[in-house]
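Listed below are the residues making up each chain.
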There are 2 protein chains.
Amino acid sequence: MIQRVRGTRDFQPDEMGRRRQLEDILRKISRDYGYREIQTPTLENAELFTIKSGPGVLEEMYSFEDKGGRKIALRPELTAPIIRFYISDLSNYPIPLKLYCISNCFRYEEPQSGRYREFYQYDVEIIGSDAPDADAELLLLANDLCRRLGLSDVRFRIGHVGIVRSMLDGTPVKKEEQSAFLRLVDKKRMDDASEFLKSRDVPSKTAGRIMEVCNTKGDSSVLHAIEGDAAAYLREVLRIAETDGAMNLTVDLGVVRGLDYYTGIVFEIDAPELGAEKQICGGGSYSLSPLFGGKAVPSTGMAFVVDRLILAMEKGGKAAGKENTDVFVLAASESQRESMIRIAGSLRRRGVSAEFDLMRRSMSKSLKYASSRGARYAVMVGDREAASGKVLLRNMESGVQEEIGLEDVAEELEKRLGSAI
Amino acid sequence: MIQRVRGTRDFQPDEMGRRRQLEDILRKISRDYGYREIQTPTLENAELFTIKSGPGVLEEMYSFEDKGGRKIALRPELTAPIIRFYISDLSNYPIPLKLYCISNCFRYEEPQSGRYREFYQYDVEIIGSDAPDADAELLLLANDLCRRLGLSDVRFRIGHVGIVRSMLDGTPVKKEEQSAFLRLVDKKRMDDASEFLKSRDVPSKTAGRIMEVCNTKGDSSVLHAIEGDAAAYLREVLRIAETDGAMNLTVDLGVVRGLDYYTGIVFEIDAPELGAEKQICGGGSYSLSPLFGGKAVPSTGMAFVVDRLILAMEKGGKAAGKENTDVFVLAASESQRESMIRIAGSLRRRGVSAEFDLMRRSMSKSLKYASSRGARYAVMVGDREAASGKVLLRNMESGVQEEIGLEDVAEELEKRLGSAI
């Protein structure tokens, strides 16, 4: 038996229904906030991601050489492709350009619980605004999305890479070494971070102050003790985000993301009720366009893990049930099959979903199948009823059957199902 | 500047809108006919496709070795993955199992007009019925889909591989050579096909009759001259398909598909108004499960080329226009920005899409942006109006402005847009 590739998934109908339901919610909220959907290819030139994240990323990606010897990768994330697309085709759009994308991404690592080699992201980007309002809008949208999914406990942890970077600017730590320091902080290796500063001859008082800032957590008031433009900017983002209702916002200056292209705020969103898979989103403002050969443009964005949002939707009680066929049509005899097919056709033309028997089975077997498909009504075309221009309409739940005119059955069912749907 | 991979595409917002609109139509019609959506991974073990189509297919696929030395492929089509999935997880579902899938597929060939290395298919499968009703239902659904897309000229060409195969059974042509002959016929290399029969010492009278059948085209009456179960089965499929309205069906016994796993009817659908890209669908009944290590199960299915369906939708005048934001909210001064954000929030909570200024731009620049986003209304929060609890509501099309109470504006816009949407 040929197996599925390890770490990948097939989706059965019920699960697929929930995934499409989530996508509808994501499209609706994106539209409500004025974001427009785009799509990029599954395949990209691998250098797009090595330029962004360093050659180490090759190890974590599916990549291969094509026949022309070019290194190709299955996209591991969506921000780099969107910025590549922006540079080549979207830079004439009026700014701010507000985009989103719901797509699969790939990573090549040992499969483990909740982490798949093919996974899905909901990615939201604002290109062209350097105002705190753009960052704040991401938080507003994220908070609203969690509410719509029924998540009752959502926690935002927000930092700003500029705060620590500007403190490092005044020390012997070289500009190009800053990211190495930030990566240690991002991984909560605080002792190593402290050691790093010491090894670069940062005066101990300054080093102490830097480490203190990296460990700063609390509500927005903790920012009052911190000087500089970055802290003021972050305060402003928080103020705007809370304009239209409270959010569970925590300032955490240890959220820093150790990659060079992050320029401003960085944030992560947790939903503790999801347990081990509680982090549902990461985001921040960045400058990628110049790395890819484009002009500098302020950008901010975030990416949600779709698989975790589905968990959230289920926990929040927002997941819909199984999707069923409305009506099953069956014929008591060979001679009634044409009538059966025409009834199904007239139901479909009215927007009612209808199946007819494709197996030439007996009435009782067909009814059993109709029941397995969750049909609400069965229309039975019998010889005796047909002779007087009637069919038998069966309510599948109650079992009640009634005779109804062959010509009236489609209209009647449209009415009954219309009010029940 | 980093380029897109050759032969792949990015989709801009307007085009993406049309693609999602088509998907909605495909989901709706699938549901109307009682099909349920599934999804399989982008990556499959390459042998799934080499077993199905022979090792030659490796040349036409994106395939590579993973770190464990396994040959992996980006799926070139959807039927083989669906049957793999059926064998592993879906074989306990009541039959007939009616499934569909809308997914991207990949092929590794020189890019050319209308053929992309990453393309999309709408695939429909019925597993478990060997009755002609199942084949006929595919034709019904396909015809209905073309009608919904606004295609006025759609032509079905239908054959049955059993007709020629059963004639070959009585000749010196070996069973395992039949597919080679059918491939020649499928490619319309009729002289080579004729030569093939001669080289196998098929008596010239028999060979002449076989070639005559391969060249048979016309309405269902051409089948009366042909003996055997396969022709009778095909007649029955055509009869059922035309039960609920006429279709443009042509019998073409030269449509044969030279692959061993096709077992019964085979068909292709053309929409001549699409020009060079007129073939929009191919399908037929097949037996793949035993090749993959599963039990034999009758199956029939078809795959549409999504890119051509989008062309069809555009030609048929069914493509929707640009998707816009309903309302743009802007503030005349810094002090009105909080009010601006709250108005946008209250609109979104009513399901009205609303953007607010993220650039801190002047009123006139913001109105220009709002206009580029196609907003139908702008809400302007000015200092003078705000002092008396009002805002200015501007109809973006007519330019007419009116004062309206700050508290009433969301409800009022919900009403106006609700009746206009």
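Residues numbered from 1 in each chain as written. Chains lettered and ligands numbered in written order. Predicted model: local features only at pLDDT ≥ 70, side-chain atom pairs only at ≥ 80, totals over all residues.

Quick word on the overall build of chain A
No. 1: Each helix and strand counted, chain A has 14 helices and 17 strands in total.
No. 2: Over its C-alpha trace chain A gives a radius of gyration of 29 Å, far above what one expects of a compact globule, namely 22 Å for 421 residues.
No. 3: Viewed in the frame of its principal axes, chain A has a C-alpha envelope of about 100 × 55 × 40 Å.
No. 4: Taking the contacts inside chain A whose residues are at least 6 apart along the sequence as the reference set, 68% of them involve residues at least 24 apart. (Helix = DSSP H or I, 4+ residues; strand = E, 2+ residues; numbered from the N terminus. Rg over C-alpha atoms; globule rule 2.2 N^0.38 Å. Contact = placed C-beta atoms within 7 Å.)

Concerning the domain arrangement of chain A
No. 1: The domains assigned to chain A are domain 1 (13–315) and domain 2 (327–420).
No. 2: Placing the centre of domain 1 of chain A and that of domain 2 of chain A at their C-alpha centroids yields a distance of 53 Å. (Domains from an automatic or database assignment.)

With respect to unusual backbone geometry
No. 1: Each neighbour pair has its own omega, and for Ile95(A) with Pro96(A) the value is 0°, a cis peptide bond.
No. 2: Take Pro96(A): it is sitting in the loop between α3 (79–90) and β5 (97–106).
No. 3: The phi dihedral of Lys188(B) falls on the positive side, at around 60°, and the residue is not glycine.
No. 4: Here Lys188(B) lies in the loop between α6 (178–186) and α7 (190–199).
No. 5: At Asp201(B), a position not held by glycine, the phi torsion is positive, near 60°.
No. 6: Within the element layout of this structure, Asp201(B) appears in the loop between α7 and α8 (204–214).
No. 7: Given 11 C-beta atoms within 10 Å, Asp201(B) falls into the exposed group. (Buried ≥ 20, exposed ≤ 12 C-beta atoms within 10 Å, placed from the backbone.)

With respect to the relation of the copies chain A and chain B
No. 1: Mapping chain A onto chain B calls for a screw motion: a turn of 180° about the axis and a shift of 0.0 Å along it, with 0.0 Å RMSD after fitting. Look at the turn and shift together and you get a two-fold axis relating the two. In terms of C-alpha distance to the rotation axis, chain A has Phe64(A) as its closest residue, with the C-alpha 3.3 Å off the axis.
No. 2: An overlap of 100% is found between the interface residues of chain A and their copies at the interface of chain B, pointing to a shared contact surface. (Least-squares fit on C-alpha atoms with pLDDT ≥ 70 in both.)

Looking at the confidence of the model for chain A
No. 1: Averaged over chain A, the pLDDT score is 93; the fraction of residues at 70 or greater is 99%.
No. 2: Two summary scores accompany this predicted model of the complex, namely pTM at 0.94 and ipTM at 0.93. (pLDDT = per-residue confidence, 0-100.)

As for the pairing of β5(A)
Residues and elements named next belong to chain A.
No. 1: The element β5 is extensively covered by neighbouring structure, given that eight of its 10 residues are classed as buried.
No. 2: As paired elements, strand β1 (residues 36–37) and β5 share two bridges and run parallel to each other. Considered in β5, the bridge of Arg36 is made with Leu99.
No. 3: As defined by bridge partners, β5 adjoins strand β6 (residues 118–127) across 10 bridges and the pair is classed as antiparallel. Among the inter-strand pairings, Phe106 is bridged to a residue of β6, identified as Glu118. (Pairing = 2+ DSSP bridges.)

Overview of the interface of chain A and chain B
No. 1: The interface is formed by 67 residues belonging to chain A together with 67 residues belonging to chain B.
No. 2: Here the side of chain A that touches chain B is built from residues that sort into 26 nonpolar, 18 polar and 23 charged. (Nonpolar A, V, L, I, M, F, W, Y, C, P; charged D, E, K, R; others polar.)

Examining the sheet that holds strand β7 (residues 155–160) of chain B
All names here are of chain B.
No. 1: Sheet architecture is open: nine strands sit in the order β1-β5-β6-β12-β11-β10-β7-β9-β8, paired in mixed fashion. Among the strands making up the open sheet, the edge pair consists of β1 (36–37) and β8 (217–218).
No. 2: Bridge count between strand β10 (residues 262–270) and strand β11 (residues 279–286): six bridges; the pairing is antiparallel. Residue pairing in the sheet places Ile269 in a bridge with Cys281 of β11.

Remarks on the sheet that holds strand β15 (residues 377–381) of chain A
Residues and elements named next belong to chain A.
No. 1: Pairing within the open sheet is mixed, and its five strands lie in the order β14-β13-β15-β16-β17. Among the strands making up the open sheet, the edge pair consists of β14 (354–356) and β17 (401–405). Adjacent strand axes in the sheet meet at a mean angle of 25°, parallel and antiparallel pairs treated alike.
No. 2: In the sheet, strand β13 (residues 327–331) pairs with β14 via three bridges, with the strands oriented parallel. The partner of Val329 across the bridge, within β14, is Phe356.
No. 3: The strands touched by helix α11 (residues 337–349) within the sheet are β13, β14 and β15, with β13 carrying the most contacts at an inclination of about 165°. (Axes fitted to C-alpha atoms, helices over the stretch in contact; angles between N-to-C directions.)

Focus: the environment of Lys52(A)
No. 1: Considering the arrangement of structural elements, one finds Lys52(A) in helix α2 (residues 47–53).
No. 2: For Lys52(A), the contacting residues outside a window of four places in its chain are Ala80(A), Tyr261(A), Leu288(A) and Leu291(A).

Structural notes on the packing of helix α1 (residues 13–32) of chain B against helix α10 (residues 306–315) of chain B
All names here are of chain B.
No. 1: Their axes nearest at 10 Å, the elements α1 and α10 cross at an angle of 100°. One way to sum up the angle between α1 and α10 is to call them roughly perpendicular. Note on element contacts: α10 touches α1 through Val306, Leu309, Ile310 and Met313, opposite Arg18, Arg19 and Leu22.
No. 2: Taken together, the residues of the contact of α1 with α10 sort by class into five nonpolar, no polar and two charged. (Parallel < 35°, antiparallel > 145°, perpendicular 65-115°, else oblique.)

Here's the deal with the pairing of β15(A)
All names here are of chain A.
No. 1: The buried fraction of β15 is high, at five of five residues.
No. 2: Burial along β15 is two-sided: the face carrying Tyr377, Val379 and Val381 and the face carrying Ala378 and Met380 are both buried.
No. 3: Here β13 pairs with β15 via five bridges, running parallel. Bridging from a neighbouring strand, Phe328 pairs with Ala378 of β15.
No. 4: Where β15 lies against strand β16 (residues 390–395), four bridges are found, and the strand directions are antiparallel. Bridge pairing in β16 places Tyr377 opposite Asn395.

Details of the environment of Ser30(B)
No. 1: Checked against the element boundaries, Ser30(B) lands in helix α1.
No. 2: For Ser30(B) and Tyr100(B), which are 70 residues apart along the polypeptide, the C-alpha to C-alpha distance reads 7.2 Å.

Brief notes about the environment of Ser364(B)
Residues and elements named next belong to chain B.
No. 1: Checked against the element boundaries, Ser364 lands in helix α12 (residues 363–372).
No. 2: Overall, Ser364 belongs to the exposed group, with 7 C-beta atoms counted inside 10 Å.
No. 3: Sequence spacing of Ser364 and Ala332 is 32 residues, and the spatial spacing of their C-alpha atoms is 9.8 Å.

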